[in-house]
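Listed below, chain by chain, are the residues.
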Amino acid sequence: MEKLIITAAISGAEVTKEHNPAVPYTISEVVREAKSAVEAGASVIHLHVRKDDGTPTQSRDRFQEAIDAIRKECPDVIIQPSTGGAVGMSDLERLQSTEVSPTPEFATLDCGTLNFGGDEIFINTDNTIMNFAKIMKERGIKPELEVFDKGMIDIALKVKKKGLLVEPLHFDFVLGVQMTATLRDLVFMVGSIPAGSTWTAAGIGRSAFEIAAATIIMGGHVRVGFEDNLYIEKGVLAKSNGELVAKVVKLANILGREIATPAEARKILGL
Ligand code: KMH
Ligand code: ZN
């Protein structure tokens, strides 16, 4: 089986220090969390940035600052900026994360609109998705197709039909936001993507490690991190993203799956 790529989603845009005091806001906190994840075995950092007070931002300058600072400590890691940003941001605002230098090799592409809790709606119209895909293709950025339910796989395949996505596709199944996060859901999602695609799965909240274990067995790749889950076990907050990544490494060791280095992850993903 292919080696396991672990993505650390170190901060997200929605979780705060009130949820877990280790959620990073400042550049030095972002570097601390990225470094802890990489040292534990992550080869990809999924990156959101914040202002120092924790407010989410898609500012090009803030992304540049964070990426440059992470690079100094973790020169080889794959940095995957978010183009999702936070609920309510405009498309132009969100795309700024792809305008850093050098151009990112990898970035997220959200493939549909979804309920994000309470009155929040994360809007991704067909035109938004196609425009993001076109820009990412022109800039040579590989999209990680963020799919929060099966319909979003179908939207991604529609975008591919228009020639805006290059195969092999890479999907990230985000389970536990819009759809539930059961093993049946995971098997259904994996069976719904084109042969030859690669995939990562992220279980939100309490499903994180159950989804991780199933994914390791099924040959997919795993995403964990504060964006998705703040607890290392029931009722115990994780001290760092590194602690969450280390738990996935432990599961992989038990289940006999080796961990990919960033160079190996680049090969597997075709970056
Ligand atoms: N914060 C969510 C609204 C992504 O990074 O592309 C969007 C998100 C997905 O986190
Ligand atoms: Zn994200």
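Here the structure is a predicted model, which is why all the values come from computation and not from measurement.

## Quick notes on the coordination of the zinc ion (ligand 2)
Next up, step 1: Coordination of the zinc ion (ligand 2) by the protein is provided by H46 (NE2), H48 (NE2) and E227 (OE), with metal-donor distances spanning 2.1 Å.
Next up, step 2: Mapped onto the sequence, the donors of the zinc ion (ligand 2) take the spacing H-x1-H-x178-E. Of this pair, H48 sits in the loop between β2 (44-47) and β3 (49-50) while E227 sits in the loop between β12 (221-224) and β13 (231-233), and the two are 179 residues apart along the sequence.
Next up, step 3: According to the relative accessible area criterion, H48 is buried, its value standing at 5%.

## Re the site of ligand 1
Next up, step 1: Around ligand 1, the neighbouring residues are E14, H46, H48, S82, G84, G85, V87, T108, D110, F116, F122 and E227.
Next up, step 2: E14 places a side-chain nitrogen or oxygen 2.9 Å from a nitrogen atom of ligand 1.
Next up, step 3: Interatomic distance of 2.7 Å between a side-chain N/O atom of S82 and an oxygen atom of ligand 1.
Next up, step 4: Taking a 2 Å distance to the grid points as the criterion, the majority of the atoms of ligand 1 fall inside the largest pocket.
Next up, step 5: Of the residues that constitute the shell around ligand 1, the class distribution is 3 nonpolar, 6 polar and 3 charged.

## A few points about the pairing of strand β10 (residues 170-175)
A regular strand carries its side chains on alternate faces of the sheet.
Next up, step 1: Burial analysis of β10 places 6 of its 6 residues in the buried class, which makes it a mostly covered element.
Next up, step 2: Residues of β10 alternate between two faces, with H170, D172 and V174 on one and F171, F173 and L175 on the opposite face, all of them buried.
Next up, step 3: Pairing geometry for strand β9 (residues 142-147) and β10, over 4 bridges, is parallel. Along β10, the bridge assignment pairs E144 with H170.
Next up, step 4: Here 6 bridges tie β10 to strand β11 (residues 198-203), and the two strands are oriented parallel to one another. Looking at the pairing, D172 lines up with T200 of β11.

What counts and how
Residues numbered from 1 in each chain as written. Chains lettered and ligands numbered in written order. Predicted model: local features only at pLDDT ≥ 70, side-chain atom pairs only at ≥ 80, totals over all residues. Heavy atoms only, no water. Donors = N, O, S within 2.8 Å, 3.2 Å for Na, K, Ca; no water. Helix = DSSP H or I, 4+ residues; strand = E, 2+ residues; numbered from the N terminus. Buried < 20%, exposed > 50% of the residue type's maximum accessible area, 1.4 Å probe, protein only. Near = heavy atom within 4 Å. Polar contact = N/O pair within 3.5 Å; in protein donor to acceptor, adjacent residues only side chain to side chain. 1 Å grid on protein atoms, 1.4 Å probe; cavity = no way out; pocket = protein on both sides within 12 Å on 5 of 7 lines; lining within 4 Å. Sits in = over half its atoms within 2 Å of the grid points. Nonpolar A, V, L, I, M, F, W, Y, C, P; charged D, E, K, R; others polar. Pairing = 2+ DSSP bridges.

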